[in-house]
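A closer look at the structure
Below are the chains, spelled out letter by letter.
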Amino acid sequence: MAAAAALRCNPRPSAAVALRGAAAAPQVGNEAAFELLVGATEPCLRGRRRGAGIRCQRSAAASAVVVEKKGRAVEPAREGANAGHTESELTVVMKFGGSSVASAERMREVADLILSFPEERPVIVLSAMGKTTNKLLMAGEKAVGCGATNVSELDELTFIKELHFGTIDQLGLDRSIVSGLSDELEQLLKGIAMMKELTLRTRDYLVSFGECMSTRIFAALLNKLGVKARQYDAFEIGFITTDDFTNADILEATYPAIAKRLHGDWVTGPAIPIVTGFLGKGWKTGAITTLGRGGSDLTATTIGKALGLREIQVWKDVDGVLTCDPNIHPNAKPVPYLTFDEAAELAYFGAQVLHPQSMRPAREGDIPVRVKNSYNRRAPGTLITKARDMSKTVLTSIVLKSNITMLDIVSTRMLGQYGFLAKVFSIFEDLGISVDCVATSEVSISLTLDPSKLWSRELIKQANELDHVIEELEKIAVVHLLQHRSIISLIGNVQRSSLILEKAFNVLRTNGVNVQMISQGASKVNISLVVHDSEAKQCVQALHSAFFESGFLPEVNDILQDDSVAHSNGTVYRH
Ligand SMILES: Nc1ncnc2c1ncn2[C@@H]1O[C@H](COP(=O)(O)OP(=O)(O)O)[C@@H](O)[C@H]1O
Ligand SMILES: N[C@@H](CC(=O)OP(=O)(O)O)C(=O)O
């Protein structure tokens, strides 16, 4: 079986490039203890990779680890734990968010959780502890105006030091693990105070201390527990990004680079990799970048794709992706299955639970993503895959994105009809502003602007930025700027749009809400409605109650099984 797998994995061995020599080691069965694996000093015989990264194989005959560029895709069997992966390979990536590692107790629990999966050989991605990122940002803002001599007294700096040194003490670790970083952080804050300026580039350097500290502490904890672990700063191991500070995009070169580094280190000296989430290195500047708030999810899926892992797990403080934000509706329920498309729409349109870009690598590598609760391990969570049976799906989840800017743009007919749309969008392109939802008529366009892209510019400049957009648009159109709007996204099966919209508009009419724009059709899994901010939460609550708590969906499912309704173009059903 192993030999056959190896053959399939390396169809053109002559094209392979020798990476590193290594002595043969005995194969270890899947059932072998975790400690045995991480304690092993020799690489096992074979490994193979899927996805866009490199494929690695150690030839038994040549006694060398070989790496070759991805040729034709190799489909491993998926059945069973670690199916298709040999013992020399890392199998899953497990990402733990800030809430999962917020304290010494939580770190112990996460260590215990990881060790409760002895059959896995995981890569661990960690976020900063608890609210550290927010505290760092706050410290930076305060430093701008407090004067260098007062930096040491900043409450946020004291909080960060107490949290990290306190955690180290409680875990019985050595303070030197982070003392250098702590000094560097204080120096940086003094620098900001002296310059009286906090640029986006400095902001990214500043927040990087959170992940750099949490990963060092956690790696030290695992090592203390007798489990070999190795800490990595993502910006040192090949996470190459654009230089868009605070919202950088991962570049393609990242995949082979991190696969080479993580796999190479693993086969020469197996130790669980503990990688900083959220961080990268700008390809032009060489400076530390961040991937946008919540970006550790993206770090995890990038690693999953690069190494062709069996599964990507993101461990949160909720029982998976829920039917809506639990802060909006306490009765939100876990959604057991999602497709990458649904999850991507959901994330992009505001569900904080997943980073907006995080589904892309998973989809490209076709690696399943499991969203789990580190506070409730037994909860099944949400499994996100390429496809699922949508035949009985109507609505999956309701998402709210607030504080949206909307523009109504009506042509002054200075341009021909065919030139109007092109001109409008070229203005957004020139100014680098993303558009979320669009509705067009012959001579007008309504659209909403992506707040995260606006946010990524300095907040202070936002007003000027919009002024500039409007100034440009007014050369060809009459423009109305509508602020404080919200997008409510109904994620589900758009093939059932009549059913969804009939129910939704019923609810909105009952609540006296006027929809200001609707966007449907472009996405097969999302219908977006724009309402005023002041009505949005109440709308989501009412919609959630109507769709998920009133027995509506089970009733619809019953009807969908009835052929007569299946052919009734979606309009005949009971209320
Ligand atoms: N549809 C949703 N499903 C689940 N959680 C959601 C949803 N919308 C918003 N959330 C919020 O997202 C939080 C989890 O995301 P996040 O804080 O980024 O997790 P972590 O920091 O652990 O990665 C939850 O605590 C919840 O409050
Ligand atoms: N620490 C970063 C990155 C991150 O992903 O965090 P979390 O996983 O806790 O959402 C942030 O707060 O944005």
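Residues numbered from 1 in each chain as written. Chains lettered and ligands numbered in written order. Predicted model: local features only at pLDDT ≥ 70, side-chain atom pairs only at ≥ 80, totals over all residues. Heavy atoms only, no water.

Under an unreviewed UniProt entry, the chain has the name aspartate kinase and belongs to Oryza glumipatula. The record in UniProt for the chain states the following under Catalytic activity (unreviewed entry): "L-aspartate + ATP = 4-phospho-L-aspartate + ADP". The heading Sequence similarities (unreviewed entry) in the UniProt record of the chain holds the text "Belongs to the aspartokinase family." (UniProt positions renumbered as here; feature names shortened; annotations may be inferred.)

Direction of pairing for strand β16 (residues 435–440) relative to strand β17 (residues 444–449): antiparallel, over a ladder of four bridges. Across the sheet, the residue bridging to Val-438 is Leu-447, located in β17. Hairpin geometry of β16 and β17 is characterised by an intervening segment of three residues between the two adjacent antiparallel strands. (Pairing = 2+ DSSP bridges. Helix = DSSP H or I, 4+ residues; strand = E, 2+ residues; numbered from the N terminus.)

Scanning the entire structure with this criterion turns up 19 salt bridges. Close ionic contact of Asp-297 with Lys-95 constitutes a salt bridge, the shortest N to O distance being 2.8 Å. Of this pair, Asp-297 sits in helix α9 (residues 296–307) while Lys-95 sits in strand β4 (residues 92–96); the two residues are 202 residues apart in sequence, bridging distant segments of the chain. Lys-95 shares its class with Asp-297; the two are buried. For the salt bridge of Arg-175 with Asp-169, the shortest nitrogen-to-oxygen distance reads 2.7 Å. Residue Arg-175 is classed as partly exposed on the basis of its relative accessible area of 41%. One salt-bridge network, in which partners are shared between bridges, spans Lys-95, Asp-297 and Lys-316. (Salt bridge = Lys/Arg side-chain N within 4 Å of Asp/Glu carboxyl O. Buried < 20%, exposed > 50% of the residue type's maximum accessible area, 1.4 Å probe, protein only.)

A separate point is the side chain of Ser-497. Summarising the element assignment, Ser-497 is placed in helix α15 (residues 497–510). Overall, the relative accessible area of 13% leaves Ser-497 in the buried class. Those residues in contact with Ser-497 that lie beyond four places of it in its chain are Glu-502, Gln-520 and Ile-527. (Contact = heavy atoms within 4.5 Å.)

Positioned with a positive phi, Lys-196 is a non-glycine residue whose angle comes to about 55°. Note on Lys-196: relative accessible area 60%, which makes it exposed.

On to the site of ligand 2. Lining the immediate environment of ligand 2, one finds Lys-95, Gly-97, Gly-98, Ser-127, Ala-128, Thr-133, Glu-211, Phe-278, Arg-293, Gly-294, Gly-295 and Ser-296. Within the backbone of Gly-98, one N or O atom sits 2.8 Å away from an oxygen atom of ligand 2. One of the side-chain nitrogen or oxygen atoms of Ser-127 is found 2.6 Å away from an oxygen atom of ligand 2. In the complex, the protein chains occlude 83% of the 340 Å² of accessible area that ligand 2 would expose alone. (Near = heavy atom within 4 Å. Polar contact = N/O pair within 3.5 Å; in protein donor to acceptor, adjacent residues only side chain to side chain. Areas by Shrake-Rupley, 256 points an atom, 1.4 Å probe, with all protein chains shown as cover.)

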